[in-house]
Amino acid sequence: MPREKFITLESSCYPLPGENIDTDQIIPARFMKVTTKEGFGKYLFHDWRFDREGNPVKGFVLNDPRYSGSILVAGKNFGSGSSREHAAWAIYDFGIRVVVSSFFADIFKNNALNNGILPVVVTEAFLKKIFQQVEKEPRSLLRIDLPRQEITIVATGEKEQFEINAYKKTCLLNGYDDIDYLLQKKDKIAAYRNPFLVE
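Each value, and the rule that gives it
- Residues numbered from 1 in each chain as written.
- Predicted model: local features only at pLDDT ≥ 70, side-chain atom pairs only at ≥ 80, totals over all residues.
- Heavy atoms only, no water.
- Helix = DSSP H or I, 4+ residues; strand = E, 2+ residues; numbered from the N terminus.
- Buried < 20%, exposed > 50% of the residue type's maximum accessible area, 1.4 Å probe, protein only.
- Pairing = 2+ DSSP bridges.
- Axes fitted to C-alpha atoms, helices over the stretch in contact; angles between N-to-C directions.
- Contact = heavy atoms within 4.5 Å.
- Core = buried A, V, L, I, M, F, W, Y, C linked by side-chain atoms within 4.5 Å.
- Phe/Tyr/Trp six-rings, centres within 6.5 Å; stacked < 30°, edge-to-face > 60°.
- Lys NZ or Arg CZ within 6 Å of the ring centre and 35° of its normal.
- Parallel < 35°, antiparallel > 145°, perpendicular 65-115°, else oblique.
- Left-handed = near helix turned anticlockwise from the far one by under 90°.
- Nonpolar A, V, L, I, M, F, W, Y, C, P; charged D, E, K, R; others polar.

(A) Region of interest: the overall build of the protein chain. Within the protein chain, the secondary structure is distributed over eight helices and eight strands. With 199 residues in all, the protein chain has 45% of them scored as buried.

(B) Structural context of the sheet that holds strand β1 (residues 8-11). The antiparallel open sheet is built from four strands, whose spatial order is β1-β6-β7-β8. At either end of the open sheet lies a strand with only one pairing partner, and these are β1 and β8 (159-161). The sheet shows a mean angle of 10° between the axes of neighbouring strands, taken without regard to direction. Set on the sheet, helix α5 (residues 124-136) makes contact with β6 (142-145), β7 (150-153) and β8; between it and β7 the angle comes to about 35°.

(C) How the structure looks around the nonpolar core. The biggest cluster of nonpolar side chains holds 52 residues, and the ones touching the most others in it are Phe45, Phe78, Val100, Leu118, Ile144 and Ile151. Every residue in contact with Ile144, bar those within four places of it in the chain, is listed here: Phe6, Ile7, Thr8, Leu9, Ile71, Val98, Leu118, Val120, Glu150, Ile151 and Phe162.

(D) Main features of the sheet that holds strand β4 (residues 98-101). The four strands are arranged β2-β3-β4-β5 in an open sheet whose pairing can be described as parallel. Of all strands in the sheet, those with a lone pairing partner are β2 (13-16) and β5 (118-121), marking the two edges. Neighbour-to-neighbour, the strand axes of this sheet turn through a mean angle of 20°, independent of strand direction. Relative to β4, strand β3 (residues 71-74) is paired through three bridges, and the arrangement is parallel. Its bridge partner lying in β4, Ile71 is registered against Val98.

(E) Summary view of the packing of aromatic side chains. Going through the model one piece at a time under the given rule, you end up with 10 aromatic pairs. Geometry around Tyr92 places Arg97 over its ring, the cationic atom sitting 3.7 Å from the centre.

(F) Structural detail: the pairing of β7. Every second residue of β7 is oriented toward a common face, with Glu150 and Thr152 on one face and Ile151 and Ile153 on the other, all of them buried. The pairing of β6 with β7 spans four bridges and is antiparallel. Of the residues in β7, the one forming a bridge with Ile144 is Ile151. As consecutive antiparallel partners, β6 and β7 are separated by four residues, and within that stretch Gln149 has a phi angle of approximately 55°, a positive value. Sheet topology note: the β7/β8 ladder contains three bridges and is antiparallel. Residue Glu150 lies in a different strand from β8, and its bridge partner there is Gln161. What sits between β7 and β8 in their antiparallel hairpin is a turn of five residues, with Gly157 showing a positive phi close to 80°.

(G) Structural detail: helix α4 (residues 106-114). Of all the residues in α4, the buried ones are Phe108, Asn111, Ala112 and Leu113. Here the buried face of α4 lies against α1 (23-26), α3 (86-94), β5 and α6 (166-174). One or two steps after α4, the chain reaches Gly116, where phi turns positive at roughly 85°.

(H) Quick peek at the packing of α3 against α4. Direction vectors running N to C along α3 and α4 enclose 45°, while the axes themselves pass 9 Å from each other. In terms of orientation, α3 and α4 fall into the oblique class. In this structure, the crossing between α3 and α4 has a hand that is right-handed. Across from Ala87, Ala88 and Ile91 in α3, the residues of α4 making contact are Phe108, Asn111 and Ala112. Of the residues that constitute the contact of α3 with α4, the class distribution is five nonpolar, one polar and no charged.

In short, geometric facts, not functional conclusions.
Structure follows, in structure tokens:
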């Protein structure tokens, strides 16, 4: 089934300024016992969100009522460590559609794109501006325009361009995964294999 299309998104965000946040922190290994993608959102940053008795940790950003939205803004080198795809599953299942950072681990970045999450790479200077704005006003909005490959801090109007692989951009814009994309090309594929199968 095709996933939801990503065109533009305007949302408040969760600020998580720590650097080198690895996949074991995003989704602890003990929760990786199933292979379906659903239900992982409740385990996102589990050991930071909850204490040993299962009570929410006061002050952690995902438990802080000041913050909400579909965007996570993280420090440099987000998603490092092991290659577990479950990290992307947990982020998506929680409701986050965009992660903004100044640098992503390559495997995490690819896993995010393959699961409908847009990783937006910004400069260190622009990332700092986002954190400063959200600290000033927790409900500050960010606007992500995928066709234009542009991220904007709505309150100030400051914006920056971001890069994305052309193929992955097409998939996100149309709500395709890799199989969906191939199915859209089945007539051309058939014609290439046998020009007499189609006109």
